[in-house]
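If you want the building blocks of each chain, they are given just below.
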Amino acid sequence: MSEIRLAAETRTEFGKGAARRARRAGFVPGVVYGHGHAPVHLNLPGHDLMMALKTPNALLVVPIDGKDEYVLPKAVQREAIKRSIEHVDLLLVKRGEKVTVEVPVHAEGELAAGGNLLEHVLQALPIEAEATHLPEAVTVSVEGLEAGASVHAKDIVLPKGVSLAVDADAVVLQVIAAQAAPAEDEAAEAEAGAEA
């Protein structure tokens, strides 16, 4: 995963009024914490942050006290209607440090014929990996799987240096048989009753 550099500014004003002024100026208030350091309050460029957060577990580089630091988004607060970013909590990480994150699970391939459906039991898979080498997603082949089949966490091939942070027997994906709609069953029963 590549790192995304953001030109953040240290925040000296606090409170709702200061946050509103920052947002009007195109910034998003944020706080960086971790590794026993006192929290650092920042204003981050709103558009650049929004684009960076489109990548799951984006590794961000922000200047803190004149030094570039690695951070991971931990919590993102969004405005309820417009979905714009209101505030972001960032976790300070170091190169070589292992972190636990969730990565999206992507399925590829065609299920066996018969109208089967694929259910994502886990939308994201908890993993542990080095902070600077986090995968963006994991891909699972569901080619030819039939109804009743399931994919467990232990069945997923993970990139080198990545380990599971969930029970190995946890079901990630399962194939379920398509069921006929109840309205069709009732119509068929009504026709059978009319013929009798």
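Use the structure listed above.
Residues numbered from 1 in each chain as written. Predicted model: local features only at pLDDT ≥ 70, side-chain atom pairs only at ≥ 80, totals over all residues. Heavy atoms only, no water.

### A word on helix H1 (residues 16–24)
Every buried residue belonging to H1 is among Ala18, Ala19 and Ala22, and all of these are buried. Taken down its axis, H1 places every buried residue within 100 degrees of arc, on the same side. Exposed positions of H1 whose direction lies more than 90 degrees from the buried face are Lys16 and Arg24. Those residues of H1 hidden inside the fold are in contact with strand S3 (27–34) and strand S4 (37–45). Looking one or two residues past H1, Gly26 carries a phi angle of roughly 90 degrees, positive in sign. (Buried < 20%, exposed > 50% of the residue type's maximum accessible area, 1.4 Å probe, protein only. Helix = DSSP H or I, 4+ residues; strand = E, 2+ residues; numbered from the N terminus. Arc of directions from axis to C-beta. Contact = heavy atoms within 4.5 Å.)

### A few points about the pattern of salt bridges
Once the charged atoms of two side chains with opposite charge are near each other, the side chains can pair. The tally for this structure, following the rule as stated, stands at five salt bridges. Here Glu86 makes a salt bridge to Arg23, at a shortest N to O gap of 3.7 Å. Pair noted here: Glu86 is in strand S7 (residues 85–93) and Arg23 is in helix H1, with a separation of 63 residues, a long-range link. Bridged by salt links that share partners, the residues Lys67, Glu69 and Lys94 form one connected network. (Salt bridge = Lys/Arg side-chain N within 4 Å of Asp/Glu carboxyl O.)

### As for the sheet that holds strand S12 (residues 150–152)
Here we have three strands laid out as an open sheet, ordered S9-S14-S12, and antiparallel in their pairing. Two strands bound the open sheet, and with one partner strand each, they are strand S9 (117–120) and S12. For this sheet the average axis-to-axis angle between neighbouring strands, irrespective of direction, equals 15 degrees. In this sheet, strand S14 (residues 171–176) lies alongside S9 in antiparallel orientation, the contact comprising four bridges. Each bridged residue has a counterpart across the sheet, and for Leu117 the counterpart in S14 is Ile176. (Pairing = 2+ DSSP bridges. Axes fitted to C-alpha atoms, helices over the stretch in contact; angles between N-to-C directions.)

### Re the sheet that holds strand S10 (residues 124–130)
Consider a sheet: its strands pair through backbone hydrogen bonds, and that pairing is either parallel or antiparallel. The four strands lie next to each other as S11-S8-S10-S13, forming an open sheet whose pairing is mixed. In this open sheet, the two strands that pair with only one neighbour each are strand S11 (138–141) and strand S13 (163–164). Strand direction decides the pairing type here: strand S8 (residues 98–108) and S10, joined by seven bridges, are antiparallel. Across the sheet, Glu102 pairs through a bridge with Pro126, a residue of S10.

### Thoughts on the pairing of S3
Counting buried residues along S3, six of its eight residues qualify, which places the element largely inside the surrounding structure. Pairing between S3 and S4: seven bridges, direction antiparallel. Note on S4: the bridge partner recorded for Gly30 is Leu42. Here S3 hands over to S4 after two residues, with His35 in that stretch at a positive phi of 60 degrees. Inspection of the sheet shows S3 paired to S7 by four bridges, in the parallel sense.

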